[in-house]
Amino acid sequence: MNLKRKRIACLIALPHHTKFLMPVALEARKRGAEVIFFLTMADYPFERDLIKNGQKFRYLTDYMDNVTAEKIDSTLSRLLDIWKSRCFKWDGFRHWSLFEQSRFFNAAIEEYFCLERFIEKELPDLFIALHERNRWGKLTGHLAAKYGIPYVTFQEGDYHESRLSFSAHTEYSTADLIWGEASRDMLGSHKSAIDKLIFIGNTHLDNAIKTYSNPLNKKRVTEELGIPAGKKIVVVLLDLEWAAVIDKRVWFEFFKGTNNEIIFIFKWHPNALLGTYQKAEGIIKDLSPESIMLYTYDPYSLLAIADYCVTLGKTTLALESLAFGRPLFALPSRDGTKDYYVDMGVAQSVSPLGNWANLYRTIEEGVPPHIGNNIKEYLRKSFYRLDGKAIERAIDIMKYIFESRQPARGKGQGTRGKEQRAKSKEHISGRVSFIIPSGDDAEVLLATLTSLSQNVKYPDWEVVIVVNDENIKGMLSGISGDMQIVDAEGHNLSLLYNKGAEAASGEYLIFLRPGIVYFKDEGLLDGIENSVAGLPLKNPDMTPYCLGIGYDFNFTPYKIQNIEYRAQNTDNETFMSQRDAKGNENNPPSPPFGKGGMGGFSDENYRDAVGGGFIAMSRKIFESIGRFDEEIANHLIEPDICLKAKELNIKVRYLPDCLAFNYKETFFGEDVSDENWKNRVKFFAKWVGKFPKDEDFINFAGDLLKV
Amino acid sequence: MKRILFPIGEREMLATQGRLMYLPERIASPDVTVDIITYSNEVFEKTGNFWKNNNNINVVLSDPNPLVIPADFRDNLVKIFIPQIKDILIPDTDLSLWKVAAFDDFRGHISSFTFPDLKGDYDLMLLPFPSFDEPPPDKSDAFYSTIIFLAKERGIPIVALQIYPVFNTPVLFVKIADYFIVKSEFERQYYEQRGIEKGKIFILNDIKDCYCLDTIEDVYKNLLFDEQIKKIELTSDELVVLIINHPRFRAQIKEILKLLGSLNTPKTVFFLKRGYHVRDLSEDQIINDLIREDLKRIKGRFFIAEDGSLVTLLMLSDLIISTSYIIPLQFASKYNKVAVVFNPLFPKTPSHNGVTFINNLNVLLEVISLCISAKKTDVSIGDILKKVRV
């Protein structure tokens, strides 16, 4: 599938957004997509880079009509009425100037309703934006979810320091395409949805290294800056705190011990105040007239001509200088607490100020081998692959999102190209079929089988074992009872379940992964007559393992382990009340999920999804829902089939009076890898706008909010 | 004793060419103290020098304390910010406000300055409204926000002063002010349309006070602040009349003065010389011998002024009476002064360039009475504050 006729709306903001997004958007256009660049009316001219590149664009305010304008006025006024009673309650509010607050409120409300009109008029198939850490990213994400439009986000710079905003980095994103492992670790530690994080590398740097390292380009920059021949070029990169230093004594110490073999180029931090920069420039030029001071120069041109780089504090450019292959030297941040790059072993220290011994040694002898090895590993972790294919990977993911959404538009559940519905099969009324993939751990499988023989009390039941490991087969030959063996390959849990279901003869189908110990099933068959059902799964020490499946702040399923958990009706309403771009409501609420109540069941009988390794339904329901989706990751197939059930107004029930144990977790996570991203992306792409969500960020963030 | 707080920043001082600092003049009294508070050394020095001899007006320097805010401290503030507003949804949507505000707009605009707490209690605060179109410098922005926050915390009513065009008032400021002082009916209607109660909006029409809030400089209005004239200490309840001398129409001038003397209203009369000599007699001699006694009988103060002070006196007066048509009369009418040519010897003449021709003493009396009535409808900042003070 190519991107032909797909309408991709690309949110453009500051230049560092444009530099990451533009290459992706333009490549998408090459592949046939209609790319619509849109932007907000800010004081900073976001359109500048687009105009320079000859790109057309739309302001969100282009979509403001009289009705929208009235809506903006009225909403703004009502919001400010609420805000005025709140904004003087906490001392911290006074540090956010009222003028800036005014600006924010004006802009946010205007952007929200204009973006909504944009969606209604332009009918985009996909949104792309750099990230969700600002209001534009959130507004776009929120409306994308509301209108069921996939939302692809990326990464803003090097995430080298903890930020609370990382906890909201993946909230609305269908897929968040990040640089690599280091970013995932950082985002994961802030509770971003790991399942949505896909490695692609750096969409700007890949090309930048190629483009800027061109000898002609380097020659041009060297001449432009008037750098004398024969000098070693040392580019100094400053973090924001270093860029505020205007104490002459500090810079005096900095230059101590340097000789005229090297020339310093200072690339000032772009967010430093101009006045501060000018003062610093005066001081530095006074101490070192030959040094070159640059406030706004293209930093990649500098990395390309640099022989060495020195980072003062933490900067994204420091990481990028390593990608350019420049030996890195470092001074710690101004607070002096940590020398980040030196501690990681990718830079050599030039601390304290004036200690240039490592630099001169490297000029003489080259980079020490152990540093070189550390850099390789660091770059791998940071950039996944510096192979020039980051944009291609981004495009592949976008294409796959479109592919994944096709079944949801009519093809139905299941593997593309295969039969979409479970085949209707002759079955024996009243019989219960237990479908268990074998896995590769005989002990675990035996634990499950033994629990069935001890605890199943149904008059007519069978076990269907789907053997995906040859070694298990021999062990099974020694076991007696009503048991079917079905051969299969691989660790795809959906496929194994589907094969088992095809072979099963029961009216009721219970899917268990090996390692689940069956214990108590009171009311199970009644529960699955017209529903998909699950039961409490506990660990051997009786702590909860999975008390149903909930959806967190990131629209992402998780195993409920809180015994106080109560299903939220609002989640079901979220699912049901998705609107299309014309404002028509899809999936109108129906009992028991609508406002009409729970149809006689208490909250604790319902969940957004059930599973954890045990999920049951009647054959009739299995056939109407269709098979398990074989393109979805093992740990997501249960929430996936529950979403499908809900879409068909089939209840998803949790049976608290039943019980099973998780002796050992199997299958989940075995099919997840950095390269195998499709089985996660498909899940999130397929159900865009239909996921339940827990909006309680305070509870979700937990310790992250501790001051 | 009432205390009024009046924050002034550099931007507002510059925009009004410094006139904003004159505003407390009409408010301060032995019963009312006005504290001008500023973060700016320049404003502090200028206003401090200007008001140094006025015991009812104090100037306070609120010294800014610059902050270096580390990233983790910003994050800590965000961590408190979110729970503070977690329940607020953007109306007509299910989008939580904190999501769009916390991580960038709030975090990225945490002020780099703090200011000391207010000393003592205040009964009211005058707040010059900023303009959305002219973003204040960081320090000024932080200063006003802090002072407003402190005022709100203490329950001090905020009286907004409209300096810039109403269209440019930042939306949130409209919501946080308790009272509004504007300079025109149009501005009043503008705020009323935005949901402000009519009773909370006051139109200021005193020429001098209005000019303190005006961003357009007027060389003639500048004369209102003439240091010499200030010594005369004109009050808002007295009628100020400028009579232009004439060498020939002495009888008519005496008629005017007699008419003024018949009125019990408080008044000040400026009698403007024309600078002439007639044979051996100077104008002063003629005035002394023929007019002075009439001036003494006007039941009010009078000043005989040199002809060079015409425009200054004209700007201070409510009513200008001349026995012949002189060009400054039409200039006076442009500043909403009542300009009259009174001379029974002239035939009936229609008004011209805002100047009224009167040849009948009764009609002149009517015009003066109207002028007195109109004067009573003048609203000064002091009048407004008497109404809003709590």
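Residues numbered from 1 in each chain as written. Chains lettered and ligands numbered in written order. Predicted model: local features only at pLDDT ≥ 70, side-chain atom pairs only at ≥ 80, totals over all residues.

A.B. asks: Quick question: what am I supposed to make of the interface of chain B and chain A here?
C.D. replies: Note on interface size: it is often stated as the accessible area lost on association of the parts. Contacts between the two partners involve 51 residues from chain B and, on the opposite side, 45 residues from chain A. Elements that contribute at least two residues to the side of chain B that touches chain A include exactly α3 (71-85), α4 (97-106), α5 (138-153) and α6 (171-176) of chain B. The greatest single-element share of the side of chain B that touches chain A, amounting to 12 residues, is contributed by α3(B). Looking at the side of chain B that touches chain A residue by residue, the class counts come to 31 nonpolar, nine polar and 11 charged. (Contact = placed C-beta atoms within 7 Å. Helix = DSSP H or I, 4+ residues; strand = E, 2+ residues; numbered from the N terminus. Nonpolar A, V, L, I, M, F, W, Y, C, P; charged D, E, K, R; others polar.)

A.B. asks: Where do I start with the packing of α3(B) against α4(B) in this structure?
C.D. replies: When two helices pack together, you describe them by how their axes are tilted relative to each other and by the distance separating the axes. Residues and elements named next belong to chain B. Between α3 and α4, the least distance of the axes is 10 Å, while the angle of their chain directions is 155 degrees. It follows from the interaxial angle that α3 and α4 lie roughly antiparallel. In this structure, the crossing between α3 and α4 has a hand that is right-handed. Across from V78, F81, I82 and I85 in α3, the residues of α4 making contact are L97, W98, A102, F103 and F106. Across the contact of α3 with α4, the residue classes break down as nine nonpolar, no polar and no charged. (Axes fitted to C-alpha atoms, helices over the stretch in contact; angles between N-to-C directions. Parallel < 35°, antiparallel > 145°, perpendicular 65-115°, else oblique. Left-handed = near helix turned anticlockwise from the far one by under 90°.)

A.B. asks: Just checking my understanding: could you explain the packing of helix α4 (residues 98-122) of chain A against helix α5 (residues 135-146) of chain A for this structure?
C.D. replies: Residue and element names in this part refer to chain A. The interhelical angle for the contact between α4 and α5, taken along N-to-C directions, is 40 degrees, at an axis separation of 10 Å. Here α4 lies oblique to α5, going by the angle between them. Judged by the sense of rotation from one axis to the other, the crossing of α4 with α5 is right-handed. Residues A108, E111, Y112, L115, E116 and I119 of α4 lie in contact with α5, whose contacting residues are R135, W136, L139, T140 and L143. A breakdown of the residues in the contact of α4 with α5 according to their chemical character gives seven nonpolar, one polar and three charged.

A.B. asks: Would you take a moment to explain the environment of F346(B) for this structure?
C.D. replies: Residue and element names in this part refer to chain B. For F346, the location among the structural elements is in the loop between β16 (338-342) and β17 (355-358). Sequence separation between F346 and V311 is 35 residues; the distance between their C-alpha atoms is 26 Å. In this structure F346 touches F357 and N359, once residues within four positions along its chain are discounted.

A.B. asks: Please clarify how the sheet that holds strand β15 (residues 461-467) of chain A should be interpreted in this entry.
C.D. replies: Strands in a sheet are paired, the pairing made by backbone hydrogen bonds, and the direction either parallel or antiparallel. Residue and element names in this part refer to chain A. Overall, mixed pairing links the seven strands, which are arranged β16-β15-β14-β17-β24-β19-β25 in an open sheet. On the outer flanks of this sheet lie β16 (483-487) and β25 (651-654), each paired with one strand and no other. The sheet shows a mean angle of 20 degrees between the axes of neighbouring strands, taken without regard to direction. When strand β19 (residues 531-534) meets β25, the two strands line up parallel, connected through four bridges. Each bridged residue has a counterpart across the sheet, and for V532 the counterpart in β25 is V652. (Pairing = 2+ DSSP bridges.)

A.B. asks: Hey, could you run me through the sheet that holds strand β20 (residues 537-538) of chain A in this one?
C.D. replies: All names here are of chain A. Taken together, four strands build an open sheet; the order of strands is β18-β26-β20-β21 and the sheet is mixed. The sheet is open, and its two borders are formed by β18 (516-520) and β21 (544-546), each paired with just one other strand. Pairing of β20 with β21, which is carried by two bridges, proceeds in the antiparallel orientation. What sits directly across from K538, in β21, is P544.

A.B. asks: Quick question: what am I supposed to make of the pairing of β15(A) here?
C.D. replies: As a general feature of sheets, a regular strand has side chains that alternate between the two faces. All names here are of chain A. With five of seven residues buried, β15 lies mostly within the body of the structure. Both strand β14 (residues 428-437) and β15 contribute to a ladder of six bridges, which runs parallel. Bridging across to β15, S433 finds its partner in E462. Where the polypeptide runs from β14 across helix α17 (residues 442-455) and back to β15, its parallel neighbour, the crossover connection is right-handed. With five bridges connecting them, β15 and β16 associate as parallel partners. Bridge pairing links V463 to M483 in β16. With respect to chirality, the unit in which β15 leads through helix α18 (residues 470-476) into the neighbouring parallel β16 is right-handed. (Buried ≥ 20, exposed ≤ 12 C-beta atoms within 10 Å, placed from the backbone. Right-handed = clockwise from strand over helix to strand, strands pointing away.)

A.B. asks: What exactly am I supposed to notice about the confidence of the model for chain A here?
C.D. replies: In this model, chain A carries an average pLDDT of 90, and 92% of its residues clear a pLDDT of 70 or more. Here residues 408-419 of chain A is modelled with pLDDT under 50, and outside its nearest four sequence neighbours on either side it reaches 21 contacts, counting other chains as well. (pLDDT = per-residue confidence, 0-100.)

A.B. asks: Would you explain unusual backbone geometry in this entry?
C.D. replies: When glycine is set aside, most residues are seen to have a negative phi, and most peptide bonds are trans. For the peptide bond that leads from S351(A) to P352(A), omega is -5 degrees, which places it in the cis range. Within the secondary structure layout, P352(A) lies in the loop between β13 (348-349) and α14 (357-365). Notably, N649(A) is not glycine yet its phi reads approximately 60 degrees, a positive angle. Mapped onto the secondary structure, N649(A) falls in the loop between α23 (637-647) and β25. Taking the number of C-beta atoms within 10 Å as the measure of exposure, N649(A) has 15 and is therefore partly exposed. At R279(B), a position not held by glycine, the phi torsion is positive, near 50 degrees. Among the residues examined, R279(B) registers 4 C-beta atoms within 10 Å and is labelled exposed.

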